[in-house]
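Structure assessment
In case you want the letters, here they are:
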Amino acid sequence: FDLRRNASPLRATSREVWMSMVTGTGVANREGSAKARWSLEVGGAAHLPLISRWAVMVAATGKSLVTDEVMLVPAELFRVGGQGSIRGYSDREFAFRSVAFGQLELLMYLGDQTSLYVFGDGGAGFTDKITFHRSDRTVLLGYGVGIRAPTRIGTLSIEWARNAKETRGLGRIHFGFKTPLSAQ
């Protein structure tokens, strides 16, 4: 399901909350036998006005693939990194069986729908089972600044981002474009 209160573009005074959940099952014929699979993706976000031209946006996403299969090819795993997940990394840089990540943005609106923002993203990914041992997970942290502006056919965003492990280099530039038909 996908529940969003209002499909209009975000404004400084918009109070928006949305959630989505996608689940699926299937059978993979591999390794000489049929292996059952089950996947779940959940997410939610909120855009909340603060004072005057300021707002905050928070988002959280979790994805998990449950199967008895030992080996999965990277195309079958959840890909994260870059625009839309954990900024500061290359697009779809990491592949995980289970992943959870969050995003936080502090926005300053320059006009009705144009905003400058600072952001921090973070999450953890698991290639096998979810455990609380540090050695079994990959922790990802990214931060940066961006601008989001409406165009005649959608909303354009340009972001400069770095990840927490980067000690050299200038970071990355992420470009995003959403139309009213884009998935949220």
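Fair warning: this is a prediction, and the values are worked out from it, not measured in the lab.

What counts and what doesn't
Residues numbered from 1 in each chain as written. Predicted model: local features only at pLDDT ≥ 70, side-chain atom pairs only at ≥ 80, totals over all residues. Heavy atoms only, no water. Helix = DSSP H or I, 4+ residues; strand = E, 2+ residues; numbered from the N terminus. Buried < 20%, exposed > 50% of the residue type's maximum accessible area, 1.4 Å probe, protein only. Contact = heavy atoms within 4.5 Å. Lys, Arg positive; Asp, Glu negative; His and termini not counted. Charge placed at Lys NZ, Arg CZ, Asp CG, Glu CD. Core = buried A, V, L, I, M, F, W, Y, C linked by side-chain atoms within 4.5 Å. Phe/Tyr/Trp six-rings, centres within 6.5 Å; stacked < 30°, edge-to-face > 60°. Lys NZ or Arg CZ within 6 Å of the ring centre and 35° of its normal. Pairing = 2+ DSSP bridges.

Concerning the overall build of the chain
Looking only at helices and strands, the chain has 0 helices and 11 strands in total. The order of helices and strands in the chain, counted from the N terminus, is β-β-β-β-β-β-β-β-β-β-β. With the principal axes as the frame, the chain shows a C-alpha extent of 60 × 40 × 30 Å. Counting only residues that meet the buried cut, the chain has 35% of its 184 residues in that class. Taking all contacts inside the chain whose residues are at least 6 apart in sequence as the whole, residues at least 24 apart take part in 48%. Separation of charge centres in the chain, based on 23 positive and 16 negative side chains, amounts to 5 Å.

Some words on the nonpolar core
Counting residues in hydrophobic clusters, the biggest one holds 12 residues: Leu 65, Leu 72, Leu 77, Phe 78, Val 80, Ile 86, Tyr 89, Phe 94, Phe 96, Val 99, Phe 101 and Leu 140. Grouped together as the second largest cluster of nonpolar side chains are 11 residues, Ala 12, Ala 55, Tyr 109 and Phe 119 included.

Re the packing of aromatic side chains
In the structure shown here, the tally under the stated rule is 4 aromatic pairs. Where Phe 94 meets Phe 96, the ring centres are 6.1 Å apart and the plane angle is 10°; that geometry is what we call stacked. On the accessibility criterion, Phe 94 (19% relative accessible area) is buried. We classify Phe 96 as buried; its relative accessible area is 2%. Considering the side-chain rings of Tyr 117 and Phe 119, the 6.3 Å spacing of their centres and the 45° angle between planes classify their relative orientation as tilted. Across the ring face of Phe 119, the terminal group of Arg 87 is positioned such that the distance to the ring centre comes to 3.8 Å. Lying across the ring of Tyr 117, Arg 148 places its NZ or CZ 4.3 Å from the centre.

Considering the pairing of strand β7 (residues 98-109)
As a general feature of sheets, a regular strand has side chains that alternate between the two faces. Note: strand β4 (residues 54-67) against β7, 11 bridges, orientation antiparallel. By the bridge assignment for β7, Ala 55 is matched with Leu 107. Alignment of β7 against strand β8 (residues 115-126), held across 12 bridges, turns out to be antiparallel. Bridging across to β8, Phe 101 finds its partner in Gly 123. Here β7 folds back onto β8, and the loop between the two strands holds 5 residues.

Looking at unusual backbone geometry
Residues other than glycine seldom take positive phi values, yet Ser 52 does so here, at roughly 50°. Assignment of secondary structure puts Ser 52 in the loop between β3 (33-49) and β4. With a phi close to 55°, Arg 92 is a non-glycine residue in the positive phi region. Within the element layout of this structure, Arg 92 appears in the loop between β5 (78-80) and β6 (94-96).

Some words on the pairing of β3
Judged from the 15 bridges that link them, strand β2 (residues 16-30) and β3 form a sheet pairing that is antiparallel. Residue pairing in the sheet places Gly 24 in a bridge with Ser 39 of β3. In this structure, β3 lies alongside β4, joined through 13 bridges in antiparallel fashion. If you follow Pro 49 over to β4, its bridge partner there is Ala 55. The loop that links β3 with its antiparallel partner β4 comprises 4 residues; one of these, Ser 52, has a positive phi angle of about 50°.

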